[in-house]
Each structure stands twice: as C-alpha cells, then as structure tokens.
Amino acid sequence: MTSTSPGAVLVLGGARSGKSAFAERLVVETGLSRHYIATGRAFDDEMRARIARHREDRGDGWQTHEEPLALAARIRDVARADRAVLVDCLTLWVTNLMLEERDIAAEFSGLLEAIRQAPGRIVLVSNEVGLGIVPDNRMAREFRDHAGRLHQQVAALVPEVYFVAAGLPLKMKG
Amino acid sequence: MTSTSPGAVLVLGGARSGKSAFAERLVVETGLSRHYIATGRAFDDEMRARIARHREDRGDGWQTHEEPLALAARIRDVARADRAVLVDCLTLWVTNLMLEERDIAAEFSGLLEAIRQAPGRIVLVSNEVGLGIVPDNRMAREFRDHAGRLHQQVAALVPEVYFVAAGLPLKMKG
Amino acid sequence: MTSTSPGAVLVLGGARSGKSAFAERLVVETGLSRHYIATGRAFDDEMRARIARHREDRGDGWQTHEEPLALAARIRDVARADRAVLVDCLTLWVTNLMLEERDIAAEFSGLLEAIRQAPGRIVLVSNEVGLGIVPDNRMAREFRDHAGRLHQQVAALVPEVYFVAAGLPLKMKG
C-alpha cells in the first residue's frame, strides 16, 4: 500500500445517496470511453428492477460488463489507458464472495493489486453500511466487518475518496 | 430544479444527532417569528414522550402546527416573509405517506414546489437512514429508498445543506 | 459544559471504520506513556476474538486496563499529565450500563466530570450507530438514544472531534 494508483477513486455513500450518479459524472467528465462493471446479481424482481433503473439512469454511451465474482480479473481485462471504468459496487461483490464462500482476504488482495495496476480512470462505488445498530445476524456482522476493512484498504491505496450524502459529495481524501 | 429557494435549508442527521436543536438555532438566529410544523403522529406512549420532549427542548416562543400528511399545503399556509418555519421531520412525513398509501412521487413534487415558492426562512429536518445494513423488511427498504431520493431532490433545490453528527454541523452545500 | 478539557478528543466512526487505529495514532504521536481502557466484556468467542485482534493491532508499549462499568473512576485513576489514555469504546460502556440497569444520566455526568478534570491526553472512541433504519427492538432504540445524547454531550465538552470513515478522519471540531 505504499504506491497509489493515480487514476482510481473510491465513492462511498449510503442507500439512495446519489453515489452512483456522482460516480457516473466522474467517469463522463474524463471524456474517455465509458465502461461499467456491474457486480450485482438479479436474484429476484426487486433486484432486477434496481439494476434496470440504474441502467436507465446511466443512459446510452456505456458498455456494460456483468461480473459478480472475478472482479480483479475483469478489471485487468477492461481497464485501458483510453477508458474510464466504473465498478458498481464493491459491497455487492463482497456479498457474492461470502455466498460463494470464497477466501475473502485473498480476493481483497487481488482486487487491490488490480486497482494498483489499472491504467486509465477507475471509479469504485461502495455502500457504507457500518453506521447503524449492530445487526442481530452473525452473517450481517461479518459482512459489515469485511466491507469496512475493504473500504479502509481501498481508501489507503487510491488518491481520491468521496463520501456522498443527499447527492452531495464530501471529499475525504485527495 | 434549476432555480433555488434562497431561504431554505436542509438539515440531515442520525437519531439523537442534535439535528433538531441545530435547526432550531437556525430559526432563532433569523429573528423572525418562529413556526414549527410537526409531522410526527403520537401512536404510542414512546412517540408521545419524544414529541413532548422535543416541545420542551424548543422552549417558548414557537407556534406549533401538526401536519402528518398535507405538508406542501401546510407550508404554503404557514410560510410568510416575516416568519421562519421549521419542518421536523421529512422522514416521519414519508412514513405517514407510505402508511396511507399516497402517491409518493406526486407528494414529493408538491413539496418541492412548496419549498421553491416559500417566502421567509424554511428549515427542513430529516433523518439519514441509509448508512446501516440493508433491512430484512421490504417496507423498510422502500422507506430507505424514498427517504434517500427525497433528500437528493431537496438538497438539489435548496442552497444550504448540513449534516449533523454529535451536535456538530458539517456544511455539505452553501 | 462551559469549560473544555484541552487534552480530550472524541473519535466517532462506524463499525470497522478504522476509528480505533486512528485513535491509537493520536495517542502514539503524543510521545506520552500509553494507556488503554477497554470497556468491552468478552461474553462469547466472537467478542473474545475481536478483543484479541484489537490488542494485536495495537502492538506492544501499551498498558491495558479493563473497565466495563466504573469508567469515570477508572479515568481518574489512570489519567496523569505524563500519560495518554485511550478509552475504547463509549458505546460498549453504554451497553454495559444498560445491561446492569445503572442510572444512565448520573453515569454520563460522572464521565463528563472525569473527562473535564483529566490531565494529559485522553482519546475517547465511540461508534456512531444512529444512521440506519429505526430498530424494531425497543432496547436498541433506547441504546441509540443514549449513545447519541452521550456523543452530543462529549462533543460539546472536548475541543477536538473527528468522524472516521474508511480509515480517513474528518475533523468535525477543533
């Protein structure tokens, strides 16, 4: 974590905070070709509706890649000097890793390495989930811990971090 | 959402964050006559106790209006150039709209229009509720989505937005 | 709450936000001898693992004091002009007070007085828990209210307050 990736940004925020729309603006303003890596899986109608709404909100001009699990490999594939890549979102990826019982620490290291090496612009969106009451459910507590640790690791690596609330970005780093 | 209302402020914060006390100070410092629109309904003793405590905390010198549902109309009634109006809070209003199965999008548009046209000072308090774990309960998830969208819409409209934690206001806009 | 304690700091943050690591850095950079007051009780293996991990993260050079309840008295005992004291965390202390049915208001006053009088450096860590959906459980709602009120009272007293997210401190006061 001594070097930093010049083109990477972390955008944190709560549910419906406007974090994805802000992240999309960060991509659009680069003028580079726009790539979107969606980590969410459409398990049910509610999730399918959310994904469809996100896609509509983005509008045309984006190439979408669906990648629930092999995020590091996909970033290596997609990222190029002439591209801006939006990853939405890290917390859904963590959920998928937990459901598939992957090695979380190894996956996180792999992601950090992929971010560090990515050329072009890379914008990573994630949900801040640790500011409510401790969940009753053990898996939810583990998820919160994993997400929090990942945010710390990514925030230490990338040069720019924002916290978005009510659609307004607050610069935490950079 | 191109014009903004010069006298409107949004105050966001968590439970017991001191957001209401901060909002009251914003009203008091105007020197205008103080009006309070309470959206909460006293369903049970716990809620009654909360409402009574809020009223005591405010002290004298306020005129209180109770309005659980028709918030836009009430703002149009109460707001005047020589008055400062505190609305506490938007999230309870959203809860009431959902319980009464109102048309949320239409109600939100109505509120935005009322804020845009309100003369004098108007201070809107709301709970940030989207920074914990995704709730198990579908209605809670919908509520979170509605609240988040409303915060984004109001924050885009008004010229001043604060996030309050531990009684300390952080200016997000303005 | 008119005077303030020159050496006291409040560090707020969510679960796995990096708040403890940041608080430890505040202690270490004083160059004073390092004291750690742990309020958590190891009820089960999960809690024992968390406590052990925190202790490992801190490394050597710390003297640890376990104090689940009599926090004001313990601060008076431990704090000295040549010491830096880290209290981790206030929210676990509030949980313990509630489980033991102590007089919360009296305990809070006692703590504030101990902080006010403490010589040296004192760094207080606490969890922000009020930014999620209202909990179903009444005790959880009361806990949230107590924690929020305590944060407001401590933040009003001490000269320096930080909010930590993703390991990044945001100065709220000072």
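Everything discussed here concerns the structure shown above.
Treat the numbers as computed from the prediction; the structure is a model and nothing was measured. (Residues numbered from 1 in each chain as written. Chains lettered and ligands numbered in written order. Predicted model: local features only at pLDDT ≥ 70, side-chain atom pairs only at ≥ 80, totals over all residues. Heavy atoms only, no water.)

### So, the overall build of chain A
In plain terms, the rule: Helix and strand assignments follow DSSP, with helices taken as H or I runs no shorter than four residues and strands as E runs no shorter than two, numbered in order from the N terminus. Values of the radius of gyration come from C-alpha atoms, whereas the globule rule sets the reference at 2.2 Å times the count of residues to the power 0.38. Throughout, exposure labels follow a simple rule: accessible area from a 1.4 Å probe, protein chains only, divided by the maximum for the residue type, with under 20% read as buried, over 50% as exposed, and the rest as partly exposed. Throughout, a residue-residue contact means that at least one pair of heavy atoms, one from each residue, lies within 4.5 Å.
Helix and strand counts for chain A stand at 6 helices and 7 strands. For chain A, the α and β elements follow one another from N to C terminus as β-α-β-α-β-α-β-α-α-β-α-β-β. For 174 residues, the compact-globule estimate of 2.2 N^0.38 gives 16 Å, and chain A sits close to it at 15 Å. If one aligns the C-alpha atoms of chain A with their principal axes, the spans along those axes are about 45 × 40 × 30 Å. Among the 174 residues that make up chain A, the fraction classed as buried is 56%. Put simply, of all contacts in chain A between residues at least 6 apart along the chain, 76% involve residues at least 24 apart.

### Brief notes about helix H5 (residues 104-117) of chain C
An α-helix turns once per 3.6 residues; consequently, residues spaced three or four apart project the same way. All names here are of chain C. Stated precisely, the cut-off is as follows: Any helix carries an expected span of 1.5 Å times its number of residues minus one. As used here, the arc belongs to the directions running from the helix axis to the C-beta atoms. Polar contacts, as counted here, are pairs of nitrogen or oxygen atoms within 3.5 Å of one another; within protein the pair requires one atom able to donate a hydrogen and one able to accept it, and residues that are adjacent in sequence qualify only if both atoms are side-chain atoms.
End to end, H5 covers 20 Å across 14 residues, agreeing with the expected 20 Å (1.5 Å per residue, within 8%). Of the residues making up H5, those classed as buried are Ile104, Phe108, Leu111, Leu112, Ala114 and Ile115. For H5, the arc enclosing every buried residue in end-on projection is 160°, short of the 170-degree limit, so these residues lie on one face. In H5, the exposed positions that point more than 90 degrees away from the buried face belong to Ala105 and Gln117. Where H5 is buried, its residues meet strand S1 (8-13), helix H3 (71-78), helix H4 (90-99), strand S5 (121-127) and helix H6 (138-157). A distance of 3.2 Å separates the backbone nitrogen of Ala105 from a side-chain oxygen at the start of H5, and that oxygen is part of Asp103.

### Here's the deal with the relation of the copies chain B and chain A
To keep things clear, this is the line we draw: We place the copies in one frame by least squares, fitting the C-alpha atoms of every residue whose pLDDT is at least 70 in both.
Rotating chain B by 120° and moving it 0.0 Å along the rotation axis overlays it on chain A with an RMSD of 0.0 Å. Both copies of the chain, as the preceding transformation shows, are related through a three-fold rotation axis. Looking at the rotation axis and the C-alpha trace of chain B, the residue lying nearest is B:Gly132, at 2.4 Å.

### Here we look at the pairing of strand S4 (residues 83-88) of chain B
Residue and element names in this part refer to chain B. Short version of the rule: Paired strands are those between which DSSP finds at least two bridges.
The element S4 is extensively covered by neighbouring structure, given that 6 of its 6 residues are classed as buried. Side chains of S4 alternate between two faces, with Arg83, Val85 and Val87 and Ala84, Leu86 and Asp88 buried alike. In the sheet, strand S2 (residues 33-38) pairs with S4 via 6 bridges, with the strands oriented parallel. For Ile37, the partnering residue across the bridge sits in S4 and is Val87. In this structure, S4 lies alongside strand S5 (residues 121-127), joined through 5 bridges in parallel fashion. Looking across to S5, one finds that Asp88 is bridged to Val125.

### A look at the interface of chain B and chain A
Operational definition: Accessible surface is computed with a 1.4 Å probe, and the buried area is the amount of it that two parts give up when combined, taken over both parts together. When a carboxyl oxygen of Asp or Glu is within 4 Å of a side-chain nitrogen of Lys or Arg, the pair counts as a salt bridge. Polar here means any residue other than Ala, Val, Leu, Ile, Met, Phe, Trp, Tyr, Cys and Pro, which are nonpolar, and Asp, Glu, Lys and Arg, which are charged; Gly is therefore polar.
Listed as interface residues are 18 residues of chain B and, on the opposing side, 24 residues of chain A. Overall, the association of chain B and chain A removes approximately 1800 Å² of surface from exposure, summing both partners, and the carbon and sulfur fraction of that is 62%. Looking at the side of chain B facing chain A, the largest losses of area belong to B:Leu131, B:Ile133 and B:Met172, adding up to 36% of the total buried there. Viewed at the interface, chain A and chain B are joined by 0 salt bridges. The tally of links from chain B across to chain A stands at 5 residue pairs in polar contact (both at pLDDT 80 or more). Of all elements in the fold, only helix H6 (138-157) and strand S7 (168-173) of chain B reach the threshold of two or more residues within the side of chain B that touches chain A. At 9 residues, the largest contribution of residues to the side of chain B that touches chain A is made by H6(B). For the side of chain B that touches chain A, the per-class residue count stands at 7 nonpolar, 5 polar and 6 charged.

### Observations regarding the sheet that holds strand S3 (residues 62-66) of chain B
Residues and elements named next belong to chain B. Operational definition: Fitting a line to C-alpha atoms yields each axis, with helices limited to the stretch in contact; the angle taken between N-to-C directions then spans 0 to 180 degrees.
Spatial strand order, S3-S2-S4-S5-S1-S6-S7: 7 strands in an open sheet with mixed pairing. Edge positions in the sheet fall to S3 and S7, since each of these pairs with one other strand and no more. On average, each strand axis in the sheet is inclined to that of its neighbour by 20°, with strand direction left out of account. The sheet strands contacting helix H2 (residues 45-58) are S2, S3 and S4, and the helix crosses S3 at an angle near 155°. Relative to the sheet, H6 contacts strand S1 (8-13), S5, strand S6 (160-165) and S7, its axis offset from that of S1 by approximately 145°.

### What about the interface of chain A and chain C?
Taken together, the contacts link 18 residues of chain A with 24 residues of chain C. When the two sides are added together, the surface that chain A and chain C hide from each other amounts to roughly 1800 Å², 63% of it contributed by carbon and sulfur. For chain A, the biggest contributors to the area lost against chain C are A:Leu131, A:Ile133 and A:Met172; these three give 36% of the whole. Viewed at the interface, chain C and chain A are joined by 0 salt bridges. Here chain A and chain C share 5 residue pairs in polar contact (both at pLDDT 80 or more) between them. When residues of the side of chain A that touches chain C are assigned to their parent elements, the largest contribution, 9 residues, is made by helix H6 (residues 138-157) of chain A. Here the residues of the side of chain A that touches chain C sort into 7 nonpolar, 5 polar and 6 charged.

### Structural notes on the sheet that holds strand S2 (residues 33-38) of chain C
Residues and elements named next belong to chain C. Here we have 7 strands laid out as an open sheet, ordered S3-S2-S4-S5-S1-S6-S7, and mixed in their pairing. Edge positions in the sheet fall to strand S3 (62-66) and strand S7 (168-173), since each has one partner strand and no second. Pairs of neighbouring strands in the sheet enclose a mean axial angle of 20°, with direction left out of account. For S1 and S5, the ladder comprises 6 bridges, and the chain directions are parallel. Among the inter-strand pairings, Ala8 is bridged to a residue of S5, identified as Ile122.

### Describing empty space enclosed by the protein
The cut-off we apply is this: Computed over the protein atoms alone on a 1 Å grid, cavities are sets of points where a 1.4 Å probe fits but cannot get out and pockets are open sets with protein on both sides within 12 Å along at least five of seven lines; a residue lines them when it has an atom within 4 Å of a point. Grid points are joined across faces, edges and corners, and a volume is the space filled by probe spheres set on the points.
Within the structure shown, the criterion is met by 4 cavities of 30 Å³ or more. If you trace the largest cavity, you find it lined by A:Phe163, A:Leu170, A:Met172, B:Phe163, B:Leu170, B:Met172, C:Phe163, C:Leu170 and C:Met172. Among the elements of the structure, strand S7 (168-173) of chain A, S7 of chain B together with S7 of chain C are those that each provide at least two residues to the lining of the largest cavity. Of the residues assigned to the lining of the largest cavity, the class counts are 9 nonpolar, no polar and no charged. In this model, the second largest cavity occupies a volume close to 60 Å³. If you go around the second largest cavity, the residues you meet are A:Glu128, A:Val129, A:Gly130, A:Arg144, A:Ala147, A:Gly148, A:His151, C:Ala15, C:Arg16, C:Ser17 and C:Ala166. Tallied by class, residues from the lining of the second largest cavity come to 4 nonpolar, 4 polar and 3 charged.

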